[in-house]
Amino acid sequence: MAAPYSQFSPSPTPAVNVSVEAVLESQIQEVRAVEKPEAPDGHEIQEIYVPPLSMSENLTKLAQKIDFYKDESDEKGKPTSEGEKEEEEKTVAAFQPSLWPWDSVRTKLRASHTEMSVLLDILNIASSKEKRYMVLDPVQQNAPDPKLAIQLMSKRRALQSAASVLQSGAERLRKSQAEINSKNDFHLELLNVRQSWRLKKTGTSILGDLSYRSVGSRYLHNGVFEVVKSSDLNAEGEFLAQRGSLDVVVPTELEGAAYIQVEVKSVPDTMDLTGAILKIPSGIGPVRSETYWQQKLEKAQNVLFCKEIFAQLAREAVQSKSSVPHLVVGNQIITNVFPGIQLSIVLCHSTGKEKEKKLPQYKMDHNHVLEHSLHQLLRENHFKNINFPAPHPVTALVGLTKRRRLAGPNALSRKQLMEMSESESMLDQIIKQTKHNVLRLRTMQTIDGFAATLSDPQLTVHWSCCNSSTEASCRVIITSQGYDLRVWHSFVIIIGVDSLKVIIKEGRVFFLSFEEKELQDFIMWQVSQHQISVSQNLARLMGWQIMSTSTAMGVSDLESSGTASSLILAAPSKERILAIKSGPSSGIKVFLQLSQKDNKNRVILPDSKWQSVGADFQQVDLTKFEGRNFASKLELLLATLSHDSSQNSSQ
């Protein structure tokens, strides 16, 4: 900077410009002694200077010395001399404060806005692409001495803090995931309960419904259970493993496990009908207190369903007016389906609180098919209670079936209307199904017994897959081994409730009762008919002539069951006559009649036409013939007799 000298000199000498500049010498950074042989003492002193700052670095250094946070308004307001003090006093006397209370705030905000605008302009100029007016260069400061121990400690603490944050976050995630997996949230489990069961809030308690009233049940039991929060301690104070955050409290009469035992067995006349022994199977036991709520509710609802089935059957058994009385004793319903065959329906309910009694071991013949039928019948009743046929027309009564609507136009009688109004009870339906099952099993055992014992002919049974709960059918085919392609005999058996309907090959229909003896006699009669049919076909193939045939012989001994059939055959040369008799109980027999030429005691007749008149019949021992069955032996016999008769005729 330059200042005029005349301002400081009292003499009138002319002004001289004086330049005031900074010292050009640089600051000494380090003084170092360097060995030098030429020096007097062998050393030379060298000075290392700090490199001079550039203009931008010098500006930055000077800018750092300015305190931008210092408020200079106070210093400007302080008087520096007596004249200024007097002027200030005059100004204060003439100054009147502003009536607006936010005037000072506005002034400071305006100053701040001005400073920010200047700063923004500086930054825009410095950050421009051309950079012709201003450049911001970083100031190189002296690097502090490295302290490795302090750095390691700081890094260690930073890593420890980061690890603790990560561990705490992982622990929270693990807990939340465990809560989701274990479903220990009470409200979440309550939502799951509401998805499967009907719930309602009554006061401060949450009640649910186990009954089947919504699907048409008319059972009087309400089936109400309560939803409560589960506890980790039992009544004795022992710790329990929690299976969920909620628990259910079911009525005491619905606790435990239950099922309907249906048993069909043969009963002697001297047996006490009320002395049945009940035993809960090992698979069905009491429900423990720590059992999950879903299993508790399912078992309680099953107990309610079984009680409804038994109550319905017991009421129908008491009100029934059938010829065979039904016996209801405690939790048992006993009735006779056939002579000597008893149907027993028992409600087995175990709560786990009963005293254990040593009961004799016995084989329980539980019929699972009939138990399932009882469940289906009750569900059908529920469906009928809430589903009625639509009225036709719409103004008609609701619930009228199509047959009842057409009763007037068809002019049905009173008897027909009464039959139409009568409906089968659930007990009658299960008795019918039981009778059909017993009759079907008897039929199967009878046919299987014949198929296992009879080697000639063979029996084959084909059961129909289109059956119902009260009707089934099967076809029995009778064949002879080796001749089944040409000769076979069949009949169809239709199994009803208490009778059998048999349709034979000719189209005739026979009705049989439930007695096994009648079916056995019929099968033996069909076997004897099959042997006669095989003999006829073999005779035709080998050229023998059928003289006569009969399905009911009246000249021999009476059969114990059925009638015997006969067949008379003549050889091609008419010299041999064969008689075959087949009976259901007597079996099959073959008789041969010789001509007069073969008879030593023959009567001498003058005319040759009488030579063919036969003599007495003699029985043929078929056991001495080779062959697997009667058909093969008969074929061998017919071939031999045909050969002998041809040789005799040639001679």
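In what follows, the structure referred to is the one given above.
A short tour of the structure in this document, coming up.

The rules behind the values
- Residues numbered from 1 in each chain as written.
- Predicted model: local features only at pLDDT ≥ 70, side-chain atom pairs only at ≥ 80, totals over all residues.
- Heavy atoms only, no water.
- Helix = DSSP H or I, 4+ residues; strand = E, 2+ residues; numbered from the N terminus.
- Contact = heavy atoms within 4.5 Å.
- Areas by Shrake-Rupley, 256 points an atom, 1.4 Å probe, with all protein chains shown as cover.
- Phe/Tyr/Trp six-rings, centres within 6.5 Å; stacked < 30°, edge-to-face > 60°.
- Buried < 20%, exposed > 50% of the residue type's maximum accessible area, 1.4 Å probe, protein only.
- Disulfide = S-S within 2.5 Å.
- Salt bridge = Lys/Arg side-chain N within 4 Å of Asp/Glu carboxyl O.
- Pairing = 2+ DSSP bridges.
- Axes fitted to C-alpha atoms, helices over the stretch in contact; angles between N-to-C directions.
- Patch = residues over 30% accessible without salt bridge, like charges linked within 9 Å, V, L, I, M, F, W, Y side chains within 5 Å.
- Lys, Arg positive; Asp, Glu negative; His and termini not counted.
- Left-handed = near helix turned anticlockwise from the far one by under 90°.
- Nonpolar A, V, L, I, M, F, W, Y, C, P; charged D, E, K, R; others polar.
- Parallel < 35°, antiparallel > 145°, perpendicular 65-115°, else oblique.

For the protein, the count of helices and strands is 13 helices and 22 strands. Counting only contacts in the protein whose residues sit at least 6 apart along the sequence, the fraction spanning at least 24 positions is 52%. When the accessible surface of the protein is summed, it comes to about 45600 Å², and 55% of that surface belongs to carbon and sulfur atoms.

Scanning the model with the defined rule gives eight aromatic pairs in all. Ring geometry for Trp 197 and Phe 225: centres 6.4 Å apart, planes at 80°, overall edge-to-face. Here Phe 225 lies in strand β7 (residues 224-229) and Trp 197 lies in the loop between α6 (186-196) and β5 (198-202), a separation of 28 residues in the sequence. Take Trp 197: its relative accessible area is 8%, and that puts it in the buried class. Judged by relative accessible area, which is 1%, Phe 225 ranks as buried. Measuring from ring centre to ring centre gives 5.4 Å for Phe 491 and Phe 522, while their planes differ by 85°; the resulting arrangement is edge-to-face.

Looking at the element boundaries, Gln 531 is found in helix α12 (residues 516-541). Once you skip the residues sitting within four places of it in the chain, Gln 531 turns out to touch Asp 456, Pro 457, Ser 582, Ile 588 and Phe 630.

Attention now goes to the state of the cysteines. In total, this model carries zero disulfides according to the counting rule given. There is no disulfide at Cys 306, and the cysteine sulfur nearest it, in Cys 348, is 9.3 Å away. With relative accessibility at 1%, the residue Cys 306 sits in the buried group.

Overall, the coordinates contain eight salt bridges when judged by the stated rule. In this structure, Arg 198 engages Asp 209 in a salt bridge whose closest nitrogen and oxygen atoms are separated by 2.3 Å. One end of the pair, Arg 198, is in strand β5; the other, Asp 209, is in strand β6 (residues 205-209), with 11 residues separating them in the sequence. By relative accessible area, Asp 209 is classed as buried at 14%.

Next up on the list: the sheet that holds strand β16 (residues 500-504). Reading across the sheet, the five strands line up as β13-β14-β15-β16-β17 and stay open at both edges, with antiparallel pairing between neighbours. Of all the strands in the sheet, just β13 (458-463) and β17 (509-512) have a single pairing partner and so form its edges. Here the strands of the sheet are splayed against their neighbours by 25° on average, with no regard to which way each runs. Strand contacts of helix α11 (residues 426-453): β13, β14 (472-479), β15 (488-495) and β16, with the helix running at about 160° to β15, the strand carrying the most contacts. Against the sheet, α12 engages β13, β14, β15, β16 and β17, with an angle of about 160° to β15.

Together, Ile 28, Val 31, Ile 45 and Tyr 49 make up an exposed nonpolar region whose accessible area comes to about 410 Å². Sorting the residues of the nonpolar patch by element identifies β3 (28-35) and β4 (43-49) as the ones contributing at least two each. Among the secondary structure elements, Ile 45 is positioned in strand β4.

Let's shift gears to the pairing of β7. Looking at chain direction, β6 and β7 are connected through four bridges and run antiparallel. Within β7, the position partnered with Asp 209 by the bridge is Val 224. Alignment of β7 against strand β8 (residues 246-249), held across four bridges, turns out to be antiparallel. Its bridge partner lying in β8, Val 227 is registered against Val 248.

Along the chain, Asp 456 connects to Pro 457 via a cis peptide bond; the corresponding omega equals -5°. On the secondary structure map, Pro 457 appears in the loop between α11 and β13. In this structure, Ala 411 is a non-glycine residue whose phi angle is positive, near 55°. Mapped onto the fold, Ala 411 is located in the loop between α9 (402-405) and α10 (414-421).

You can see Glu 308 is positioned in helix α7 (residues 293-319). Buried charge without a partner: Glu 308 forms no salt bridge, and the closest opposite charge is Arg 315, 7.5 Å away. Sequence-distant contacts of Glu 308, defined by excluding residues within four places in its chain, comprise Tyr 212, Ser 217, Arg 218, Tyr 219, Leu 378 and His 382.

Our next topic: the environment of Ser 480. Considering the arrangement of structural elements, one finds Ser 480 in the loop between β14 and β15. Classification of Ser 480 as buried rests on a relative accessible area of 2%. Taking the C-alpha atoms as reference points, Ser 480 and Asp 456, 24 residues apart in sequence, are found 6.6 Å from one another. When sequence neighbours within four positions are dropped, the list of residues in contact with Ser 480 reads Asp 456, Pro 457, His 530, Val 534, Asn 629 and Ala 631.

It is worth spelling out the packing of α11 against α12 at this point. It is at 10 Å that the axes of α11 and α12 come closest, and there the two elements cross at 35°. Considering the relative orientation of α11 and α12, their crossing is right-handed. Taken together, the residues of α12 that come into contact with α11 (itself represented by Arg 442, Thr 443, Thr 446, Ile 447 and Phe 450) are Glu 516, Leu 519, Gln 520, Ile 523 and Met 524. Across the contact of α11 with α12, the residue classes break down as five nonpolar, three polar and two charged.

Attention shifts here to the packing of helix α8 (residues 368-386) against α11. Relative orientation of the contacting elements α8 and α11 amounts to 150°, with a least axis distance of 10 Å. The orientation of α8 relative to α11 falls into the category roughly antiparallel. At the point where α8 passes α11, the crossing takes the right-handed sense. Listed contacts from α11 to Leu 370, Ser 373, Leu 374, Leu 377, Leu 378 and Asn 381 of α8 are Met 426, Gln 429, Ile 430, Gln 433, Thr 434 and Asn 437.

Our focus in this paragraph is the environment of Ile 588. Relative to the helices and strands, Ile 588 is located in strand β21 (residues 587-595). Judged by relative accessible area, Ile 588 falls into the partly exposed class, the value being 25%. For Ile 588, the residues in contact, after removing those within four places along its chain, are Gln 531, Ile 580, Lys 581, Ser 582 and Phe 630.

Glancing now at the sheet that holds β7. Ordered in space as β5-β6-β7-β8, the four strands form an open sheet in which the pairing is antiparallel. Looking at the sheet topology across the chains shown, the edges are occupied by β5 and β8. Shown here is a sheet whose adjacent strand axes are inclined to one another by a mean of 35°, direction ignored. The sheet strands contacting α6 are β5, β6, β7 and β8, and the helix crosses β8 at an angle near 45°. α7 contacts β7 and β8 of the sheet and is inclined by roughly 20° relative to β8.

Here we take up the environment of Ser 205. One can find Ser 205 in strand β6. For the pair Ser 205 and Val 227, spaced 22 residues apart in sequence, the C-alpha to C-alpha distance is 7.4 Å. Apart from the residues lying within four places of it in its own chain, the contact partners of Ser 205 are Lys 200 and Glu 226.

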